[in-house]
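Chain by chain, the residues:
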Amino acid sequence: MRYVSNEELERRAARLLNNWMEAEEAPYRAFPIDVRRLATDFLGIEVKLGVLDSKTVAEFRVSEEVFVLDHRHNRNPSRARFSIAHEIGHLDLHSSLGTPVFCRDSDQSRFELQANRFAAALLMPPTDLVELVAEEAATIGAFSRKVAEADVNAACKWLRHLLGQKPLQDSSLKLIAAKFGVSIQSLDVRLKQLHIIV
């Protein structure tokens, strides 16, 4: 499988999100992103709960066009949302391989890391995340969004500097995670991916 850069993963997730919003004629992004609806209504993929082996979180059955989420691993709504977004990543990135994709907790293969990055970008788009973090840190979200739309890397670097002076409080992290419908752990990983925190 060819190497896909993080920048390309971000672009592909953004393109999918924008195409869906355009098809829905949505005037703005509503958070949290309804990834189940994106999968079923826009991509035509069935999403269902099932019982998989004890180490498998989810499975993308390519030939059946179905995502199966293991009910034991996906009881938490934010975990289930991430699993669906992750499987959408496999659909976008790896479905041409034509074989089922099994997602295990311990798997750190390139496939899994790519699908994780795609899922994070889909659930927490960088410009929206920069805007919300900046709003929580210094009530300058709208300005930060404009900067991020022009140059997301510069906005993230600036935000890292700002947070170095005044770190986000736990209550702000919880609010941001709730807005995007993700766990604190997923938010932390995403902030690190974008180099907003180290």
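Note that the coordinates shown come from a computational prediction; the quantities given were computed from them, not determined experimentally.

Conventions we followed
- Residues numbered from 1 in each chain as written.
- Predicted model: local features only at pLDDT ≥ 70, side-chain atom pairs only at ≥ 80, totals over all residues.
- Heavy atoms only, no water.
- Helix = DSSP H or I, 4+ residues; strand = E, 2+ residues; numbered from the N terminus.
- Polar contact = N/O pair within 3.5 Å; in protein donor to acceptor, adjacent residues only side chain to side chain.
- Salt bridge = Lys/Arg side-chain N within 4 Å of Asp/Glu carboxyl O.
- Buried < 20%, exposed > 50% of the residue type's maximum accessible area, 1.4 Å probe, protein only.
- Core = buried A, V, L, I, M, F, W, Y, C linked by side-chain atoms within 4.5 Å.
- Contact = heavy atoms within 4.5 Å.
- Expected span 1.5 Å × (residues − 1).
- Arc of directions from axis to C-beta.

A. Highlighting the environment of glutamate 112. Tracing the backbone shows glutamate 112 in helix α4 (residues 110-123). Separated by 84 residues in sequence, glutamate 112 and isoleucine 196 have C-alpha atoms that sit 23 Å apart. At 3.0 Å, the side chain of glutamate 112 forms a polar contact with the side chain of histidine 90.

B. Examining the pattern of salt bridges more closely. Taken as a whole and assessed by the stated rule, the structure comprises 12 salt bridges. In this structure, glutamate 149 and arginine 145 form a salt bridge, with 3.1 Å as the shortest nitrogen-oxygen distance. Taken as a pair, glutamate 149 and arginine 145 lie in helix α6 (residues 141-150) at a separation of 4 residues, close to a single helical turn. Under the relative-accessibility criterion, glutamate 149 is labelled partly exposed at 47%. Through salt bridges with shared partners, a single network forms among Arg29, Asp128, Glu131, Arg145 and Glu149.

C. Spatial organisation of the nonpolar core. Residues Ile88, Leu122 and Leu129 are the most contacted members of the largest nonpolar core, which totals 53 residues. If one sorts the elements of this core by residue count, helix α3 (residues 77-94) sits on top with 7 residues. Non-local contacts of isoleucine 88, meaning those with residues more than four positions away in its chain, are made with Leu16, Val35, Leu38, Ala39, Leu43, Phe67, Phe118 and Leu122.

D. Layout of unusual backbone geometry. At the junction of phenylalanine 31 and proline 32, the peptide bond is cis and its omega measures out at -5° in the coordinates. Within the fold, proline 32 resides in the loop between α1 (6-24) and α2 (35-42). One non-glycine residue, glutamate 25, lies in the positive phi region at around 55°. Tracing the sequence through the fold places glutamate 25 in the loop between α1 and α2.

E. The arrangement of the side chain of asparagine 74 in detail. Along the chain, asparagine 74 falls in the loop between β3 (66-70) and α3. Within the structure, the side chain of asparagine 74 is placed 2.9 Å from the backbone oxygen of valine 57, a separation counted as a polar contact. In this structure, asparagine 74 is in contact with Val57, Leu69, Arg79, Ala80 and Ser83, ignoring residues within four places of it in sequence.

F. Region of the structure containing α1. In this model, α1 (19 residues) spans 27 Å end to end at C-alpha, consistent with the 27 Å of a helix rising 1.5 Å per residue. Three or more residues of α1 are buried, namely Leu9, Glu10, Arg12, Ala13, Leu16, Leu17, Trp20 and Met21. With its buried residues spanning 165° around the axis, α1 presents them on a single face. Where α1 is buried, its residues touch α2, α3, α4, α5 (126-138) and α9 (184-193).

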